[in-house]
Amino acid sequence: MDDGPRNGVTEPAGPDARLLLLTGLGESLRRSGRYRDAETTLRNALALAEESFGPDSLDVGRVCNSLGVLYKYIGRFDESERSYRRALGIVEAHLDVAHPFVADINHNLGGLNHARGTHARGEPFARRALEIRQRACRPDHPQVAADKAALAAILHELGRDEEAERLLRDALAVFERELGADHYEVASALNNLAAIQYARGELDAAESAYRRVLMIKETLLGRSHPELAVALNNLAMTVWKRGRPRTAASILRRAVALLHHEVEREQPVRLACLRNLDSCTRSLEGGTVADDAPPS
């Protein structure tokens, strides 16, 4: 006779439910900044998907995409690209080339190349994502806006700021109207717009935008999330260039501390923060001012 669930816990009925649970948990851990725990969970999800549904199943493609996102944040870019490309191959074999999931993975491949500094390689992925999404969604859909913002970040790095700013302002207007002024996507778009303002020497506007980015992300993610390091580094570089190196050094120390345990030693944001902190600390004696652009 079945006595029912013990201690109030019911095991998921089958592999599809277990996979959904594991993948959701892994993504939740990644969003909360617990990258190492997220990797263990998502690797278990991948093993379950391969065993239960086959190595070329859409379920495997979905987990590979989630692993690609995670590896990008950690700084293991080669593993991220392998995961994304495996996901893309699987998805294109199962779905129409104009399917939104194809757009998702192209968006992510564009973002990966932006993170690793291979911007020219990333542009075709970002443009393909936007083209697919524009065919599938209304022009003012937040997902279209997200693709515009991702492409704009790459275009800025390629020196095409006029197109980048136009895309960012279009995206920002959609995000604020559709999602609210304090949404994560608003912070992301503002961060990239501030990078353009910084490059133009519009330091008042850039500092104001970076402070708003930090405030939004601290509210959404908490003050100890490793993702805050990008906003902190960008704010510090702007503050330093405005002649406040002591304040900048304090901000950079916080950024370095946030990245200490959860990312690879060679992760680019961590290296940038360490390099900038070293230069800023030395400038307190030498009186130099930063002139490098902050990473977007």
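Cut-offs applied
- Residues numbered from 1 in each chain as written.
- Predicted model: local features only at pLDDT ≥ 70, side-chain atom pairs only at ≥ 80, totals over all residues.
- Heavy atoms only, no water.
- Helix = DSSP H or I, 4+ residues; strand = E, 2+ residues; numbered from the N terminus.
- Contact = heavy atoms within 4.5 Å.
- Expected span 1.5 Å × (residues − 1).
- Buried < 20%, exposed > 50% of the residue type's maximum accessible area, 1.4 Å probe, protein only.
- Axes fitted to C-alpha atoms, helices over the stretch in contact; angles between N-to-C directions.
- Parallel < 35°, antiparallel > 145°, perpendicular 65-115°, else oblique.
- Left-handed = near helix turned anticlockwise from the far one by under 90°.
- Nonpolar A, V, L, I, M, F, W, Y, C, P; charged D, E, K, R; others polar.
- Polar contact = N/O pair within 3.5 Å; in protein donor to acceptor, adjacent residues only side chain to side chain.
- Salt bridge = Lys/Arg side-chain N within 4 Å of Asp/Glu carboxyl O.

Student: Is there a simple way to explain the environment of Ala 194 in this structure?
Tutor: Checked against the element boundaries, Ala 194 lands in helix α9 (residues 184-199). Separated by 88 residues in sequence, Ala 194 and Arg 282 have C-alpha atoms that sit 26 Å apart. Not counting the four nearest positions on each side in its chain, Ala 194 is found in contact with Ala 206, Ala 209 and Tyr 210.

Student: It is not clear to me how helix α10 (residues 203-221) should be interpreted in this structure. Could you clarify?
Tutor: The terminal C-alpha atoms of α10 lie 26 Å apart, and with 19 residues this matches the ideal 27 Å at 1.5 Å per residue to within 8%. Among all positions in α10, only Leu 203, Ala 206, Glu 207, Ala 209, Tyr 210, Val 213, Leu 214, Ile 216, Lys 217 and Glu 218 are buried. Considering only its buried residues, α10 is in contact with α9, α11 (228-241) and α12 (245-258).

Student: Quick question: what am I supposed to make of the packing of helix α3 (residues 58-74) against helix α5 (residues 100-116) here?
Tutor: The contact between α3 and α5 brings their axes to 10 Å, and the two run at 20 degrees. By the angle between their axes, α3 is roughly parallel relative to α5. Of the two elements, α3 crosses α5, and the hand of that crossing is left-handed. From α3, Gly 61, Arg 62, Asn 65, Val 69 and Lys 72 reach across to α5, where they touch Phe 101, Ile 105, Asn 108, Gly 111, Leu 112 and Ala 115. Tallied by class, residues from the contact of α3 with α5 come to five nonpolar, four polar and two charged.

Student: I would appreciate a short explanation of the environment of Arg 282 in the present structure.
Tutor: By the secondary structure assignment, Arg 282 is in helix α13 (residues 268-286). Judged by relative accessible area, which is 52%, Arg 282 ranks as exposed. Sequence separation between Arg 282 and Ser 224 is 58 residues, and the spatial gap between their C-alpha atoms is 27 Å.

Student: Where do I start with the side chain of Asn 191 in this structure?
Tutor: Checked against the element boundaries, Asn 191 lands in helix α9. Overall, the relative accessible area of 5% leaves Asn 191 in the buried class. Of the polar contacts made by the side chain of Asn 191, one reaches the side chain of Asn 234; its length is 3.0 Å.

Student: Explain the pattern of salt bridges here, please?
Tutor: Working definition: two side chains of opposite charge can pair if their charged atoms are close together. Under the criterion given, the structure shown has 35 salt bridges. Its salt-bridge partner being Arg 121, residue Glu 81 comes within 2.9 Å of it at the nearest N-O pair. Of this pair, Glu 81 sits in helix α4 (residues 77-94) while Arg 121 sits in helix α6 (residues 119-136), and the two are 40 residues apart along the sequence. Given the relative accessible area of 14%, Glu 81 is considered buried. Where salt bridges share partners, they join Arg 36, Glu 39, Arg 43, Arg 76, Glu 79 and Glu 264 into one cluster.

Student: Looking at this model, I keep getting lost on the packing of α4 against α5. Mind explaining?
Tutor: Axes are the key here: two packed helices are described by the angle between their axes and the distance separating the axes. Relative to each other, α4 and α5 sit at 160 degrees, their axes nearing to 10 Å. With respect to their mutual orientation, α4 and α5 come out roughly antiparallel. Between α4 and α5 lies a crossing whose hand is left-handed. On α5, the residues touching Phe 77, Asp 78, Ser 80, Glu 81, Tyr 84, Ala 87, Leu 88, Val 91 and Glu 92 of α4 are Phe 101, Val 102, Ile 105, Asn 106, Asn 108, Leu 109, Leu 112, Ala 115 and Arg 116. In terms of residue class, the contact of α4 with α5 is built from 11 nonpolar, three polar and four charged.

So far we have only geometry, and geometry alone does not tell us how the molecule works.
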